[in-house]
Amino acid sequence: MKLTLRVWRQQNADADGAMSTYEVDGISPDMSFLEMLDTLNEELILKGEDPVAFDHDCREGICGACSLVINGDAHGPERTTTCQLHMRSFKDGDTIDIEPWRAAAFPVIKDLVVDRSAFDRIIQAGGYITAPTGSAPEAHATPVPKPDADFAFEHAECIGCGACVAACPNGSAMLFTSAKVNHLNVLPQGAPERESRVLDMVAQMDEEGFGGCTLTGECATACPKGIPLMSITGMNKEWLRATRKAAKR
Amino acid sequence: MTSYADYTTGEPVTDTKAPTGPINERWDKRRFEAKLVNPANRRKHTVIVVGTGLAGGSAGATLAEQGYHVVQFCYQDSPRRAHSIAAQGGINAAKNYRNDGDSIHRLFYDTVKGGDFRARESNVHRLAQISVEIIDQCVAQGVPFAREYGGLLDTRSFGGVQVSRTFYARGQTGQQLLLGAYQALSRQIAAGNVEMHPRTEMLDLIVVDGRARGIVARDLITGKIDTYFADAVVLASGGYGNVFYLSTNAMNSNATAVWRAHRRGAYFANPCFTQIHPTCIPRTGDHQSKLTLMSESLRNDGRIWVPKAKGDTRPASQIPENERDYYLERIYPSFGNLVPRDIASRAAKNVCDEGRGVGPGGQGVYLDFADAIKRMGRGAVEAKYGNLFDMYQRITDEDPYQVPMRIYPAVHYTMGGLWVDYDLQTTIPGLFAIGEANFSDHGANRLGASALMQGLADGYFVLPATINDYLARNPHQESITVEHPVVQEVLAETEDRLNLLLSVDGDRTPDSFHREVGELMWEFCGMARTDSGLRKALERIPQIREEFWRRIKVPGSGEEFNQSLEKANRIVDYLELAELMCLDALHRSESCGGHFREESQTPDGEAARKDEEFSYAAAWEFTGTGEAPVLHKEDLVFEYVHPTQRSYA
Amino acid sequence: MARTMWDSSVGKKTVMAVSGLIMLLYLVAHMIGNLKIFFGAGEFNDYAHWLRTVGEPFMHYEWTLWLIRVVLVVAVVAHAVSAYQLSRRDIKARPSKYVHKKPRASYATRTMRWGGIILGLFIVWHILDLTTGTVHPGGFETGKPYQNILDTFSTWYGNVIYIVAMLALGLHIRHGFWSAAQTLGVGSRTRDRALKTVANVLALLLTAGFIAVPVGVMTGVVN
């Protein structure tokens, strides 16, 4: 396959960026999208040019590092992570636009690499259960009904890639935040911090400069792990419940 | 000049920390004997933790909970992305919830036997004891393990054992456990007890007066090289499987932290013990950048086979039942498809070498779910393995519900690592190594679902108990600053190395060298090793190294985000580590676990150990790049599990 | 609690949802009242008069009506101010656009924002036209709403403004009602279809019910 790539190039956070055009040839449909970019980078290095910087690590769809907007879609045309997207999803002769996640809370570091530390700070605000090592009761002391365990798991699957923010026209982090709130709040172990967790995480999310939710559903469509849009509804419910309870105290 | 292979044998190395006495009392005894640091004094101690995987994440969180000031590093943009996240199948624990005859002693026994009698009994027993607490801890943190309808935890079976002791969260157990540790760590970061440095890579270790006192690290965004000081340094930087270029490791997983520590005096133990995982998706071409694992749990229900006839190119569906060879079930009737990883991998290699492999290039065997789908129904198979099937389909464009999966072995885990004593301390006082970075618990082969167990055991329970002893015995260390001559020297060496990489301006990319050394290692130090092959590799590696420093091309500068520079610098260390791996493999002329020397096999082609000669851990001391290292042997004593020829038949 | 609500993006969405539902409730009543126009001037004008005497003798003349007006003004202001502030936050959160554009991405957001602005302007015109009579075409007469309405819908622009606004209202309710349910946390997987159906039916009924009046005038059914 022969392809034309238009790639966002930006030297560093403060520099202006622009799309640059590259041609790549000899691309196999079995290659992953990132392997296609590896091919381009090998050529660029040998030509003495700066290779395209992009985040990637596990290349098996679980670490959440890879983060490319391909032809306007976060992670490209298939519902998966960029690293699990294969070139068979494209046609010979295609022109492909590759851009970084774009959101005020995710500033560009270089080319296609963005700073997602805002997500870490949202988790730090309350996305945990306080259970210092050594303090745990016997695991079977508290049975968890299977539907609740499955619900928790479904939300815990979030890989924190940020595709939801990249896809949202408002740059909102509601889906990311709600996934963690739902995961922990449904479990009996998460109950003692149920209210403070959702209030603090939402406050931090706002603090980081993410937009609000207008329920366009773009986040859930882009999510490679299929976190449902209803996750946001669940968090709203938790938030209102917590606000009411806090007012009573 | 003597050649690298002419190693010398030095003083034996002994584990001075493991208590004697009944094995089930040793850990309690050690914990009681270990000195404690007064809670009020802990804040005054700084501990550096490198890495945020299961071991590092859990250690950082726990040390901070105990009151220490933790300074932690990861090269990823977030501690949540460490490669532990990719572990799929599960975590072992001797809970015996199934009442199927499991016990701490059985887990201990299975692990020692699975490791082909090349692990320390004391360590393994401790691991089995702690396994029980790990599950409790993770459940308390909200890890969403799979549950039964009654609300209790579900378990499944894994290779090399005959009980169901593996706890799991669908095919994403590593992810869920890591997020648990990450969340605990996040809580400590928010509390100000952990100073987290993401996108910062350790490039060297600072050893002052014989003690580990800090590290040199590079901020990957700005390129700034900085020094960090502490009272103790913990390496939780993972394994070195990426020496092979193609492995199931993450692209950026690397050996720099452990190798630099080794260069500064930490012994490196059993470097040749590499685990080749039997169930990975076969490679499709030269463009391949990494290999993807298919969880071992698939072997619970999938049946492995190849055609009986050589060169049979018919599609799987057209090969009738009586022309299929379910070779694992045939050769190992009692364990069947659930034999340990080293055995399953070697069997796959053997049938492919016989010309009975399937798929492009004949480098693959079938993992077939047709019977499971018939027995349990498609829905049940989907519920158990759905995400793995999806992943397979995405990568290969084949539907595993319709046609059997094709799998082939790939480098997955390294049992070797920095030598540590019972306290997980390396030969450099104050330097600890935990998780895959150390060598301690798996011997020559790791059982499935034991890596997660070991990482969390080390991080949550072992290290936090043992590091106290070191800090209590060294309460007032002289404070150091960047002006210290040793620090200046390490800093200068690091800067020189990076500058040299940038200044060669040759004509080959970092990846091309990585690929070359990786292919060499796979060929000569992979699934089957020979004296002549290893000697060939030992001859070739210094040549590649020499060529590397002549022809490497790294664009850009050191004062910016430069992924090529990061890569090139990691390859520098692979080019030295590879040499040590080959030497270790050459010197160990027995077969054991994942280390298979063709010269040492039973008549049936199984690994033949030579206990009288090799019942030791090989701890290597660095003497200089390309210079013959010194071997220190740690004799392994087996009081509870008596070495026998492993039999899974 | 009010502070937490107003300071949080989720809280502000709650304000929008609640104020939106109040307005929706009012619109349902308003539409039913409007339909009385098809029963002649007498019934319609009597109904308009009754609106002012509702609650008597407990309430004084027009007290109930003013109470409703106050609630509505508060709802409109809260709805609009929240919308404005949230939109500002949203636009700030996404300062640079993608070079490769996808039109569908912001469909719902755009129709809500532009629809909201259209409705806001419409409300101003609507009050000036039929409540105060300031911009009323022809002679506005207090207490004669039947004739006033005939006057308005005898002009082409009166019809255009009204019908466009009501179509915008339909679209606004369609996404807004469902959206409010999510914001208030009452949505769920099992309830989602029902909620969407209710949203669609409400949007359709209100739009059709309101548009029936100008159409009635235009076709001469109402005269």
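Under an unreviewed UniProt entry, chain B has the name succinate dehydrogenase and belongs to Streptomyces spinoverrucosus. Listed under Sequence similarities (unreviewed entry) in UniProt, the entry text for chain B is "Belongs to the FAD-dependent oxidoreductase 2 family. FRD/SDH subfamily." Per its UniProt entry, chain B bears the Catalytic activity (unreviewed entry) comment "a quinone + succinate = fumarate + a quinol".

In the nomenclature of an unreviewed UniProt entry, chain A is known as Succinate dehydrogenase of Streptomyces spinoverrucosus. In its Sequence similarities (unreviewed entry) section, the UniProt entry covering chain A states "Belongs to the succinate dehydrogenase/fumarate reductase iron-sulfur protein family."

Draft legend 1. Structural view of the nonpolar core. Counting 295 residues, the largest nonpolar core has Cys164(A), Val234(B), Leu235(B), Leu418(B) and Cys582(B) as its most contacted members. The element best represented in this core is helix α16 (residues 563–587) of chain B, accounting for 14 residues. Among residues more than four places away in sequence, those in contact with Cys582(B) are Phe524(B), Cys525(B), Leu534(B), Ala537(B), Leu538(B) and Ile541(B). One finds Ala17(C), Leu86(C), Phe153(C) and Leu169(C) within the second-largest nonpolar core, a separate group that totals 25 residues.

Draft legend 2. Representation of the interface of chain B and chain A within the structure. Chain B puts 62 residues into the contact, and the matching count from chain A is 67 residues. For the side of chain B that touches chain A, the secondary structure elements donating two or more residues are α3 (54–66), α5 (121–140), α6 (173–190), α11 (378–396), α12 (451–473) and α16 of chain B. Tallied by class, residues from the side of chain B that touches chain A come to 23 nonpolar, 24 polar and 15 charged.

Draft legend 3. Broad picture of the pairing of strand β2 (residues 46–50) of chain B. Residues and elements named next belong to chain B. By the criterion of burial, β2 is predominantly enclosed, with 4 of the 5 residues buried. Examined bridge by bridge, β2 and strand β3 (residues 69–73) share 5 bridges and lie parallel to one another. Residue pairing in the sheet places Val49 in a bridge with Gln72 of β3. Regarding the hand of the β-α-β motif, the stretch spanning β2, α3 and β3 is right-handed. In terms of strand pairing, β2 meets strand β11 (residues 232–235) through 4 bridges, oriented parallel. The residue of β11 that forms the bridge with Val49 is Val234.

Cut-offs applied
Residues numbered from 1 in each chain as written. Chains lettered and ligands numbered in written order. Predicted model: local features only at pLDDT ≥ 70, side-chain atom pairs only at ≥ 80, totals over all residues. UniProt positions renumbered as here; feature names shortened; annotations may be inferred. Core = buried A, V, L, I, M, F, W, Y, C linked by C-beta atoms within 7 Å. Buried ≥ 20, exposed ≤ 12 C-beta atoms within 10 Å, placed from the backbone. Helix = DSSP H or I, 4+ residues; strand = E, 2+ residues; numbered from the N terminus. Contact = placed C-beta atoms within 7 Å. Nonpolar A, V, L, I, M, F, W, Y, C, P; charged D, E, K, R; others polar. Pairing = 2+ DSSP bridges. Right-handed = clockwise from strand over helix to strand, strands pointing away.

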